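# A structural walkthrough
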Amino acid sequence: MNQTAAAGFENLIGYYDPPVQELIVIDEVLSAMVGVEGRYISIKTLRGKKDEIINFLVDPSMDLALQELAKRIFPLCRSFLLINQFVESRSQFENGLVNHAFSAALRAFLLDYQAMVAQLEHQFRLGRLSLQGLWFYCQPMLRSMQALSTVIQKASVNNFTGSAVLNLLQSQAKAMAGDNAVRLLLEKMTQCASRAYMSILERWVYEGVIDDPYGEFFIAEDKSLQKESLTKDYDAKYWRQRYSLKDGIPSFLANSAGTILTTGKYLNVLRECGHNVQVPPSENSKLMSFGSNHHYLECIKAAYNFASGELVNLIKEKYDLTGKLRSIKHYLLLDQGDFLVHFMDIARDELAKKPDEVSVEKLQSLLDLALRTTAAAVDPYHEGLTCIVERSSLLKRLGTFNVTEVNQRDVINNDILEEPVSITGLETFSLSYKAHWPLSIVLSRKALTKYQLIFRFLFHCKHVDRQLCGAWQTHQGVRALNTRGTAISRSSLLCRSMLKFVNSLLHYLTFEVIEPNWHMMYTRLQSANSIDEVIQHHDFFLDKCLRECLLLLPELLKKVERLKSMCLQYAAATQWLISSSIVLHSPDEPKVDSTGAKQSKSGQVLKSTTRNAAVTESILKFEKEFDAELQSLGSILSSSSQAEPYLAHLAKWVLGVKHEHNGL
């Protein structure tokens, strides 16, 4: 016998007869099954690159048949050692609750295994156990132990924690679908390991609290984001990023991850509002395990429905969301215009200043006065209205406006949207609205910015309309004269066309865009089942209004702004045009002269100087430029109405203005 090969063994087992060898081998195999070395079976542990390799060595003098039978049982012994090492190492606190629970389940399994070994040893002591019989009894446990050792080796090598352990167990259970006993064991292990995870999940979906000491849960909380940031942060990061999904979602929760995240978010809002956030308990509401009956999914759905319904009712009823939105519509969408007329009258001088010179405090006091002295005084929410004065025109503000949700990044085009040479408070004035928690979730900084863009456009259109109305009144002041065929008559027709254009534009913006879209949103809000649906409907309304109000269509907006600018220039020049065409004479002057005198009812003589070439030329220039721009706008609207059907309404009105002007 080779002495070198036999080194390490005190006495060679080959000296004994085969029956005696078998008894010795059974005894030593039973010891090896619980990790204890014997005289003739030794355990060697080798350090690999990633894990440990456990080898079992037998006395080479052992009977070959006995060696083969013993070697069949060694994988079971090796699995026991691996599992036992995993249990000891993963029971430490830093490995997380899932590993703790998994280790506890493995420890209970090993107790059953050790009880089986003790029973086999008892049979051996009674002389009822052969090595062949030992192999027979070990075979069922061998498959289970090997499956578990495969799992723990993968978990150890990759240092899995939390959901990664659960996913590994579940995938291994599916892989063992052909072996029902092993599959059931792995499913049981998955359920045991998941109990700690499900307890974290239960607190989240029932209370909105993340109780995750080791960072295993798939929902992350960013405590640096506070709810107060909703009124300042344009991106509304609080609502989107305060709670977010992490990588490593358990596979059995993958389809419900979004619902789970949303449920806890809603409960958090309720808790922040001082509302009861405890989901009503029921007999089967515990989420301590999962299984093929998917009962846990029903519990999650029920928790979501409760949280969603409670929050929507709270927002709608206690905080009167629709009332606040209606109030914002009155002021920022000019639905209730009497206060605005009064405000524009009393704030005219202040708004005529340059933006840097405008006093916001004075404008605020004037706004408060206008609100108190008009029908707006009965609105319980008008106190949330505030004045702001921007530092740039609407066009420049649109150039920096990033509407990511409607994919309009290319709206920034400085070649198309040009900054006016000089601007006043009329071009930069805007209103804002103070939205407090939890309404700030819906009325966030982004939403209010969109309201303000629409308001500034409407406000300036109203300003142009008022200026043209003033010009029209100036023309009406000389109706006593027979101005047919004169420059005044032509100017009057031009003023009327400009008024028709601005009124048509305002009609389109209010009755063709804002009103129908508002009613659509209002109807949808009544049936909304969650706060996210409310946000979605509200944002859709604002984005649709922005686009249909031409604020996201640079080419069309440029044309409209150009026409409005021409209307303002004409309105400002009206007084000069009239005064240059009409000369007032006192009653003692001759009533008739060579140019043709006109006498009023009051006895004053009004002398027409309609041959003034400068006046006629100015009016013709205004008329020519206005017609050209109107023609250009009509062409663009007609060609764009196929891609943007809503432009057909505006085209009808604009083309109607053009045809009426040409007819006159």
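Every value quoted in this text rests on a predicted model; they were computed, and no experiment measured them.

## Considerations on the packing of helix H16 (residues 445-476) against helix H17 (residues 487-526)
- Following both chains from N to C, one finds H16 and H17 inclined at 155°, their axes separated by 9 Å at the closest point. One finds that H16 runs roughly antiparallel with respect to H17. Crossing angle aside, the handedness with which H16 passes H17 is left-handed.
- Partitioned by chemical class, the residues of the contact of H16 with H17 number 18 nonpolar, 4 polar and 3 charged.

## As for the packing of helix H1 (residues 18-32) against helix H2 (residues 64-90)
- H2 packs onto H1 with a crossing angle of 5° between their chain directions and a minimal axis gap of 10 Å. Accordingly, the angle class assigned to the pair H1 and H2 is roughly parallel. In this structure, H1 uses Pro18, Gln21, Glu22, Val25, Val29 and Ala32 to contact H2, whose residues at the interface are Leu66, Ala70, Ile73 and Cys77.

## Re a nonpolar patch on the surface
- On the surface, a cluster of nonpolar side chains totalling about 330 Å² of accessible area is made up of Tyr15, Tyr16 and Val20.
- When you line up the elements, valine 20 lands in helix H1.
- The partly exposed category is assigned to valine 20, whose relative accessible area is 37%.

## Digging into the pairing of strand S6 (residues 429-433)
- Among the 5 residues of S6, 5 are classified as buried, and the element is accordingly described as predominantly covered.
- Side chains Phe429, Leu431 and Tyr433 project from S6 onto one buried face, and the interleaved Ser430 and Ser432 project onto a second face that is buried too.

## A word on helix H5 (residues 163-175)
- Taking 1.5 Å of rise per residue, 13 residues should cover 18 Å, and H5 covers 18 Å from first to last C-alpha, within 8% of that figure.
- Within H5 the residues assigned to the buried category are Ser163, Val165, Leu166, Leu168, Leu169, Gln170, Gln172 and Ala173.
- In the core, the buried residues of H5 are packed alongside helix H3 (96-125), helix H4 (131-158) and helix H6 (180-207).

## So, the nonpolar core
- In this structure, Met33, Phe102, Leu134, Leu431, Tyr451, Ile531 and Leu551 are the most contacted members of the largest nonpolar core, which totals 204 residues.
- Broken down by element, the residue count for this core peaks at 16 residues, all from H17.
- Setting aside its immediate chain neighbours within four residues, leucine 551 contacts Leu394, Leu398, Leu453, Ile454, Phe457, Leu546 and Leu557.

## Side note on the confidence of the model for the chain
- Averaged over all residues, the pLDDT of the chain is 83; the fraction at 70 or higher stands at 85%.
- With pLDDT under 50 throughout, residues 1-9 is counted as low confidence; its partners more than four residues away or in other chains account for 12 contacts.
- Segment residues 402-417 is flagged for pLDDT under 50; beyond a separation of four residues in sequence, or across chains, it makes 27 contacts in the model.

## As for the pattern of salt bridges
- Per the stated rule, a full pass over the model turns up 21 salt bridges.
- Here lysine 362 makes a salt bridge to glutamate 350, at a shortest N to O gap of 3.5 Å. Of the two residues, lysine 362 is situated in helix H13 (residues 360-372) and glutamate 350 in helix H12 (residues 348-351); the sequence distance between them amounts to 12 residues.
- Here glutamate 350 falls in the buried class, since its relative accessible area comes to 4%.

## With respect to unusual backbone geometry
- Tryptophan 437 connects to proline 438 through a cis peptide bond whose omega is 5°.
- Position of proline 438 relative to the elements: it lies in the loop between S6 and H16.
- Even without a glycine there, the phi angle at asparagine 159 is positive, about 55°.
- Relative to the helices and strands, asparagine 159 is located in the loop between H4 and H5.
- Look at leucine 334: it is not a glycine, yet its phi comes out positive at around 55°.
- Within the element layout of this structure, leucine 334 appears in the loop between helix H10 (321-332) and helix H11 (338-346).

## Details of the environment of leucine 550
- Tracing the sequence through the fold places leucine 550 in the loop between helix H18 (531-548) and helix H19 (554-581).
- Each C-alpha atom, one on leucine 550 and one on phenylalanine 457, is 9.7 Å from the other, the two residues being 93 residues apart in sequence.
- Each residue touching leucine 550, except ones within four places of it in the same chain, is listed here: Leu556, Leu557, Val560, Leu647 and Leu650.

## Digging into empty space enclosed by the protein
- Summed over the entire model, instances satisfying the criterion amount to 2 cavities of 30 Å³ or more.
- By volume, the largest cavity is sized at about 50 Å³.
- Forming the boundary of the largest cavity are Tyr238, Trp239, Arg242, Tyr243, Lys265, Asn268 and Val269.
- Broken down by secondary-structure element, the contributors of at least two residues to the lining of the largest cavity are helix H7 (237-241) and helix H8 (257-272).
- Grouping the amino acids of the lining of the largest cavity by side-chain chemistry returns 4 nonpolar, 1 polar and 2 charged.
- Taken as a whole, the second largest cavity encloses approximately 40 Å³ of empty space.
- Lining the second largest cavity, in full, are Asn517, Met520, Met521, Arg524, His537, Phe540, Phe541 and Lys544.
- Counting only elements with at least two residues in the lining of the second largest cavity, the list comes to H17 and H18.
- The class makeup of the residues in the lining of the second largest cavity is 4 nonpolar, 2 polar and 2 charged.

## A look at the side chain of histidine 463
- For histidine 463, the location among the structural elements is in helix H16.
- Overall, the relative accessible area of 10% leaves histidine 463 in the buried class.
- With near-sequence residues (within four places) excluded, histidine 463 lies in contact with Met344, Leu426 and Leu568.

## Let's talk about the pairing of strand S5 (residues 385-389)
- Within S5, 4 of the 5 residues are buried, leaving the element largely enclosed by the surrounding structure.
- Here S5 runs beside S6; their pairing, made up of 5 bridges, is antiparallel. Pairing of isoleucine 388 across the sheet is with serine 430, part of S6.

## Remarks on the packing of aromatic side chains
- All told, the structure shown has 19 aromatic pairs when counted by the stated rule.
- Considering the side-chain rings of phenylalanine 80 and tyrosine 113, the 5.3 Å spacing of their centres and the 25° angle between planes classify their relative orientation as stacked. Taken together, the residues span a long stretch of sequence, with phenylalanine 80 in helix H2 and tyrosine 113 in helix H3 at a distance of 33 residues. Each member of the pair phenylalanine 80 and tyrosine 113 is classed as buried.
- Taking 6.1 Å as the distance between ring centres and 65° as the angle between the ring planes, the aromatic pair formed by phenylalanine 429 and phenylalanine 455 counts as edge-to-face. Taken together, the residues span a long stretch of sequence, with phenylalanine 429 in strand S6 and phenylalanine 455 in helix H16 at a distance of 26 residues. Phenylalanine 455 shares its class with phenylalanine 429; the two are buried.
- Clustering of aromatic rings is evident, with ring pairs tying together Phe343, Phe429, Phe455 and Phe459.
- In this structure, lysine 227 packs its charged tip against the face of tryptophan 437, placed 5.9 Å from the ring centre.

## Details of the environment of glutamate 216
- You can see glutamate 216 is positioned in the loop between H6 and strand S3 (219-221).
- With relative accessibility at 7%, the residue glutamate 216 sits in the buried group.
- Taking the C-alpha atoms as reference points, glutamate 216 and asparagine 95, 121 residues apart in sequence, are found 9.7 Å from one another.
- Residues in contact with glutamate 216, not counting those within four places in the same chain, are Asn95, Gly96, Leu97, Val98, Asn99, Gly162, Ser163 and Tyr197.
- At 3.5 Å, the side chain of glutamate 216 and the backbone nitrogen of glycine 162 are in polar contact.

Rules behind the numbers
Residues numbered from 1 in each chain as written. Predicted model: local features only at pLDDT ≥ 70, side-chain atom pairs only at ≥ 80, totals over all residues. Heavy atoms only, no water. Axes fitted to C-alpha atoms, helices over the stretch in contact; angles between N-to-C directions. Helix = DSSP H or I, 4+ residues; strand = E, 2+ residues; numbered from the N terminus. Parallel < 35°, antiparallel > 145°, perpendicular 65-115°, else oblique. Left-handed = near helix turned anticlockwise from the far one by under 90°. Nonpolar A, V, L, I, M, F, W, Y, C, P; charged D, E, K, R; others polar. Contact = heavy atoms within 4.5 Å. Patch = residues over 30% accessible without salt bridge, like charges linked within 9 Å, V, L, I, M, F, W, Y side chains within 5 Å. Areas by Shrake-Rupley, 256 points an atom, 1.4 Å probe, with all protein chains shown as cover. Salt bridge = Lys/Arg side-chain N within 4 Å of Asp/Glu carboxyl O. Buried < 20%, exposed > 50% of the residue type's maximum accessible area, 1.4 Å probe, protein only. Expected span 1.5 Å × (residues − 1). Core = buried A, V, L, I, M, F, W, Y, C linked by side-chain atoms within 4.5 Å. pLDDT = per-residue confidence, 0-100. 1 Å grid on protein atoms, 1.4 Å probe; cavity = no way out; pocket = protein on both sides within 12 Å on 5 of 7 lines; lining within 4 Å. Points joined across faces, edges and corners; volume = space filled by probe spheres on them. Pairing = 2+ DSSP bridges. Phe/Tyr/Trp six-rings, centres within 6.5 Å; stacked < 30°, edge-to-face > 60°. Lys NZ or Arg CZ within 6 Å of the ring centre and 35° of its normal. Polar contact = N/O pair within 3.5 Å; in protein donor to acceptor, adjacent residues only side chain to side chain.

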